[in-house]
Structure formats: structure tokens, C-alpha cells
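Residues per chain are reported as follows:
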Amino acid sequence: MPSTRAPVRAPIPPPPTDPVELLSTPLAKSGLTAAGLLRRAGIRLGWYDVRDLLFHLPRRYDDLRELSKLGDLVWAEEGSVVSARVRVDDIHVEATWRRRVQRTVAQLSDETGEIQATWFGRRFIERRLRQGQDIVVSGRLKRFGRRLTLDNPEFQAVEGDGEVLHAGRIVPVYRLTAGLTAARLRVAMREALDRAGHAYPEYLPDPLRRDEDLVGISDALESAHYPESFERRDSALRRLAFDELLALQLGMVARRRARGDDRAPTITIDDGTDAAIRSALVGALTTKVGRPVELTVDQSAAIDAVRADLAGSAPMLRLLQGDVGSGKTAVAAFALAAAAKAGFQGALLAPTDLLARQHRDTVGGLLEDAGIGVLLLTGSLNARDRSHANDLIASGQASVIVGTHALLSESVSFARLGLAIIDEQHRFGVEQRGQLEAKAGGAVNPHVLLMTATPIPRTLGQVLYADLDVSDLRTPPSGRIPIRTGIRTPDRLEPTWSKVREEAAAGNRTFVVVPLIEEGSEGIDDGSASGAAAAETEAVRLAQLLMPLRVGLVHGRMKPIDRDTEMTRFRDGELDVLVGTTVIEVGVDVPEATMMIVENADRFGLAQLHQLRGRVGRGTAESYCVLVSDSTDETAVARLRAAAEVTDGFELAERDFELRREGDVLGFAQSGLPGLRVASLTRPDHRDLAVRARSAAERLLDENAGLVGDTTGAAPLARELRSGWLRRLVAADPASGS
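Residues numbered from 1 in each chain as written. Predicted model: local features only at pLDDT ≥ 70, side-chain atom pairs only at ≥ 80, totals over all residues. Heavy atoms only, no water.

A.B. asks: I'm lost on the pairing of strand E12 (residues 417-422) in this one. Help?
C.D. replies: On any regular strand, side chains alternate: one points to one face of the sheet, the next to the other face. With six of its six residues buried, E12 lies for the most part within the structure. Here strand E9 (residues 345-349) pairs with E12 via five bridges, running parallel. Bridge pairing in E12 links leucine 349 to isoleucine 422. (Buried < 20%, exposed > 50% of the residue type's maximum accessible area, 1.4 Å probe, protein only. Helix = DSSP H or I, 4+ residues; strand = E, 2+ residues; numbered from the N terminus. Pairing = 2+ DSSP bridges.)

A.B. asks: It is not clear to me how the sheet that holds strand E3 (residues 102-110) should be interpreted in this structure. Could you clarify?
C.D. replies: In a beta sheet, neighbouring strands pair by backbone hydrogen bonds and run either parallel or antiparallel. Strand order in the closed barrel made by the five strands is E2-E3-E4-E6-E5, with mixed pairing throughout. In this sheet, adjacent strand axes meet at a mean angle of 50° when their direction is disregarded. Note: strand E2 (residues 81-95) against strand E5 (residues 134-144), seven bridges, orientation antiparallel. Paired with arginine 87 across the two strands is aspartate 134, which belongs to E5. (Axes fitted to C-alpha atoms, helices over the stretch in contact; angles between N-to-C directions.)

A.B. asks: Is there a simple way to explain the packing of helix H9 (residues 271-289) against helix H12 (residues 353-367) in this structure?
C.D. replies: Two quantities define a packed helix pair, namely the angle between the helix axes and the distance between the axes. Across the interface, H9 lies against H12 with an axial gap of 7 Å and an inter-helix angle of 115°. Mapping the contact onto sequence places Ala280, Leu281, Ala284 and Leu285 in H9 and Gly365, Leu366 and Leu367 in H12. Partitioned by chemical class, the residues of the contact of H9 with H12 number six nonpolar, one polar and no charged. (Contact = heavy atoms within 4.5 Å. Nonpolar A, V, L, I, M, F, W, Y, C, P; charged D, E, K, R; others polar.)

A.B. asks: I keep staring at the sheet that holds strand E10 (residues 375-377) and nothing clicks. Help me out?
C.D. replies: An order of E10-E11-E9-E12-E13-E8-E14 is seen for the seven strands of this open sheet, with the pairing classed as parallel. Two strands bound the open sheet, and with one partner strand each, they are E10 and strand E14 (469-473). Averaged over all pairs of adjacent strands, the angle between their axes in this sheet comes to 20°, without regard to strand direction. Alignment of E12 against strand E13 (residues 447-452), held across four bridges, turns out to be parallel. Residue leucine 419 lies in a different strand from E13, and its bridge partner there is histidine 447. Relative to the sheet, helix H13 (residues 383-395) contacts E9, E10 and strand E11 (400-403), its axis offset from that of E10 by approximately 125°.

A.B. asks: Please clarify how the packing of aromatic side chains should be interpreted in this entry.
C.D. replies: The relative placement of two aromatic rings is captured by the distance of their centres and the angle of their planes. Under the defined criterion, the tally for this structure stands at five aromatic pairs. Considering the side-chain rings of tryptophan 119 and phenylalanine 155, the 5.7 Å spacing of their centres and the 70° angle between planes classify their relative orientation as edge-to-face. Here phenylalanine 155 lies in strand E6 (residues 147-157) and tryptophan 119 lies in strand E4 (residues 113-120), a separation of 36 residues in the sequence. Note on accessibility: tryptophan 119 and phenylalanine 155 belong to one class, buried. Considering the side-chain rings of phenylalanine 511 and phenylalanine 570, the 4.7 Å spacing of their centres and the 50° angle between planes classify their relative orientation as tilted. One end of the pair, phenylalanine 511, is in strand E16 (residues 509-513); the other, phenylalanine 570, is in helix H18 (residues 560-571), and 59 residues separate them in sequence. (Phe/Tyr/Trp six-rings, centres within 6.5 Å; stacked < 30°, edge-to-face > 60°.)

Shape is all these values report; function is a separate question.
Structural data, given as C-alpha cells:
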């Protein structure tokens, strides 16, 4: 007869007693109070072990140090946050007018007066307070006639010499998640600091810490969570900000020095070939616009720099940044032609099938007079065409190749890849860029040219792009007609829709951009249902409003092939109006598109508004951008006014940087950085820290990109960079999207 006994579970091992070992212990096995709750919360908030918990830093601090006497509160302003030491005279639960919602009411007093505290829907409060108990309480003051009330206050019992965490001090306020209360997290953080934080191993070399006047890491953690004063808090956060910036700079300096040992093919062309390529570019551009044109000063300077880079034995890593329409593709075409003329292959990687096809057509047109053909390789090719393209690439017969992620597949093998160009580089990660570079094979790396239409603010670029060379295309091609930009409220759009009909009658087209609905989405189309629904609803409305105009729709939840098909219909004139989310930001070149209407424009950043505006004005007709908003938010209004007044993308990047944090300007995907938790490059003092961190990184790394004294003084720093809280930053690569 089989046994019915339940299997005996192995005993859970006790948590480590060594505080340093406890740092890397998973929360579920840490022995911290409510460890199970912390583990579940950590899944949502990015915690795994005790170290992760300690670096979940407060998002703000409430100054609740001043304890008031209740009798003095009659003079306090309603809505102000006050703290007091009081006695609990009574505690009870009573019904409210809302069905099934109760409130807990405590009558509190001191020697000068009394006050009532109320908590709605928090029945457990009754179990935590008892009559006659002394507590410190902090909350927002409300008045009901002559009666004073504290609304949902924080409180903590005063027992002996125990530390008060929730009131009567500088109180940390953390980001929370469902099931985790502020009080529970503060208690858990206090316990983690007492058991492990106090012994966090110092990892900065002592000379560096002395030179920079930085507090120790264990002191920094203590004062970042429970500061005795704001001065101590600021010292703690300065230390943590420096550490973040140092890790970031160490990663960049190490990669730059490592690249110094790499070798790339030497791609040289003589002056005659150089002149012939430039002449072919100018001729193609002249034919396209129908009048004589020349390369801009910035284009010529960028081409000179690229030619010099290609002729070197070290791999080029250059960022080419400029507005939409500033002529980046012509510079890329020169580089591809130079590689082809020197007997090498050049590949241009684009983020979408449609953009790859557009680049194939554009680059092909630019290089036609130079006698260089362009091969397309995308996932949408049928099996036969794709196999044929692979054969041409492998044999070296194809010297210039434009493609999508299909270029990265194992079936693609280059004969002599000498140059890799990545368009909209923020759309690709480090791994994807590395996959393309690896296609060169052997002991050489290809030269790499990165392109972006989102200029980086100068002050930010000095930090983020300190490890690569940058060429700016600031001068717009001659003859480009400025785009007229205006701001309209939603109730004043009838003239705008009349203009849309007028433009359609003239054979021109209109973009209408709808942002996401979700709070905090900042207009970025991640394919969420809310963005799709908003776009679909607006497309239906406009189809009726603008009848008989033909209205199309694109959004992030569509299959890429369906989205590209709809954009192609718009480009080819089968649609008059295209409604979409920001998937059109980097889209097809439509010279006949003359109107861009951005709804709820206050939900977008300046850089993104400028990118959207750049979708129009690419032909010979005057073009318009209408920013629709009824926001009264001061920052949003300033952003919209800047977009309407300034047309230079570099100046707008600086304006955006002044108005918003760097993460908002770039987006994590664009900057290539995970979020800086403490450092903020909008602050002049933190920019100075970044410069000092760069200098320190140069000193700490030897010529082989290894930490100086790695076996002695630098060993703790090496461990922290490898497995501590800074590992995500030392691995971040601003030159890629992840």
C-alpha cells in the first residue's frame, strides 16, 4: 500500500550571519521581516537581493522634523503637513456614506490641545493603535469648522529609545507597488541597513575618495535613506552620483582603449576618386531637386573626416548627427562608395523594411553616376531572391548592401566587409551592432558610422559620447523651404481641417499623429492597446469629418508588413491623410506631405516634436505643422512655444535639455543608458562631477583598459563594477540602444 505521508521538505537554510554575504542573498532567503512580501514587490520594482533593496533610493524626502504642539495648530495653514507627539485617547471604526467603506478614527491629544486623525479604508489601523499609547504622528491638516483633523497620517509608536522612522524626522518617500506600504518599506530598509548596509565594503580607492572629498559608501547609504540633516543627505547623494558617473566613464574609456588595439582594413582613395564620388553626389542631388545644388559646408567637413577615418588602421567609430533632411544620407553614400572603390564592401543597416527600401532607392540614385549598384536584403524578400542576394554578398559581387535585421542572420556572409553604417542607431542595441561588426571576420573589425536625426544636447554629448567622434550637420541644404509651425487649441481646428482639404485638392498629403493615452507614456509608441485604440478612433472620426478624403491608419500593434504597406500607400498617393502614433516619426520620405498635425502635442518632448515636423517640408511646396494642445502646464507651454519659434534641431535639443531631465530628452533606448538613479546631467554640479569622473577613469585604467592595481587597491572597485550596483552602468554603451 503506497504511503500517504506528505514528502518531507528540506529545511530552509538560515540566512547568512556575515553582513557582506547577506548583501548578495536573495530577499526570500534573507531573513528580513516580511521577506516574502519584499520578494514579490521586488519582481515589480527590480529587486532581487539585499543589495538591490539598499539601492532602491528615495524619490523625495519630507521634512517632518519640527514637532508642533496641538494648541498651536489653530494658526497653521490648512493643507500643511504637521508633526506632533501625542497620546491616543480613543480609537474606533465607523461607517461612511460610501457603501462598504469604513473609516478609522483616532482621538489624539497633548497637554495643549486635541486633534482627530482619520484613515479611510484602512481597518488595520485599529489593531496598531491602542488607548493610552504615545505616538509621533505626521499628516496633512484639515479643518471642519473649528475641529482640526489629520488626513491619513503616518504614525509610529514611541517606545523607549527606538528610532522613529515615519514621523518627526526627515522621512524618505519611496516608489511603491501594490501590496507594499510606505511604512513597511521603511521598516524593511532600516533592518537591511542595520544588518548589511553598515558593512557595505568600500570600493573606491582611498586616494580617489580623499581627492574628491567623498563620504564612505556605508555612510552614504545610511544618510541617503535616513539622513540626520539635509546636508548629510546631500553629501550622500553626491557620493552616489559620482560613483554612477565614474562607472559610466570607466566603461567608455575602457571601450575606447580596447578599440585602440583593434585593427580595421585601411580604406584609401586618391583625390581623383574622391572628386568623382562627390561630383556624382552633387549631380544626383541636382537632378532630384531640379536646380543646381552643392554639398553644404557641414557635409563636406563630415566627408573629409570620414575619409580620414577610413584611411586609418584603427576602426572608425563616428556619430553623424543632424536634422531630418540635413544630408546625412549623402555622407553615408560617400563612405559606401569609398569602400566599394577601394575593393571592400559596405553595409547600411536600417530599422525597418520600408526605410531599408527607401535607403536602397536614395543611395542607389546618389551612386548611379559613380557606377556603383546597391543590393537590398530584407526579411520580406522571397526565398529565391534572398538566396540570390546572399550569394552576391558572399562572393563579393555586391559591394554596397542595404538591409534590415536580415543582414545579421547567420546565413549572411560577407566577402570583405570594411564599413558598417547604422541608421537611427538608437533603435539597435550593443549586441546587434556587434553582430554586424563580426561579419568582417578574421582579426579585423569594420569601420562603423552611426547616424541619428535626434541631435544630442552639447552638454550631454560631452559626457555620453566622450568615447566616439562626432560630426554635426547643422546647415540645411540650400533651397529648403522653412516649415510654418503654429499652436492651436482643439476647439479652433476647423480652419486646419479646411486647409487639409485644400492641400489634398492640390495633390498633397497630411499626417495626423495621436499620442498614447497612458499616463507617463510621453508619446512613445510601444505598441500598447491604448495607442492603437486612440489612433483607430481618430481615423474613424476623420474619415467621416474629411469625407471624401481617403484616410489611412498606422500604429505599433500592426504587423510591420501591414504598417509598411499602409505607409507605402500614403507615399504613392493612394491615401490623402495618414493617422498614426509615433511610428511615423522615422518613416517614409513623402515629398508631397505638406501638413503635420500633432494632437495633444504637450505630451511630446521637443526633440520628438521636431522629428515629427521633419516628416513634412521635403518637397517644393510650402509646408505646415500644427501643434494641438489646450494644456496650461507651464513647462508644456514653454516646450510648445519653443517648437513653434525654433527650427534648428540642435538649438531645440539644448532647449529640451533645459526643460527636462536627460532621460526624458533621450529616452533610455535612445541614450543607450539605463536610468541614472542619482546623477542628473541637467545640474551644473553633476556635470562637473562627470568631468572629474572622466579624469579619474583615465587615471584608473591602464593602456590595456584594465584597472590599475587590479590585484590590490582597485580589486574592490573591480568587484563592484562586475557584480555590484554599478554593473549596469559600466556595461552601458551610449553609442548603441541598450
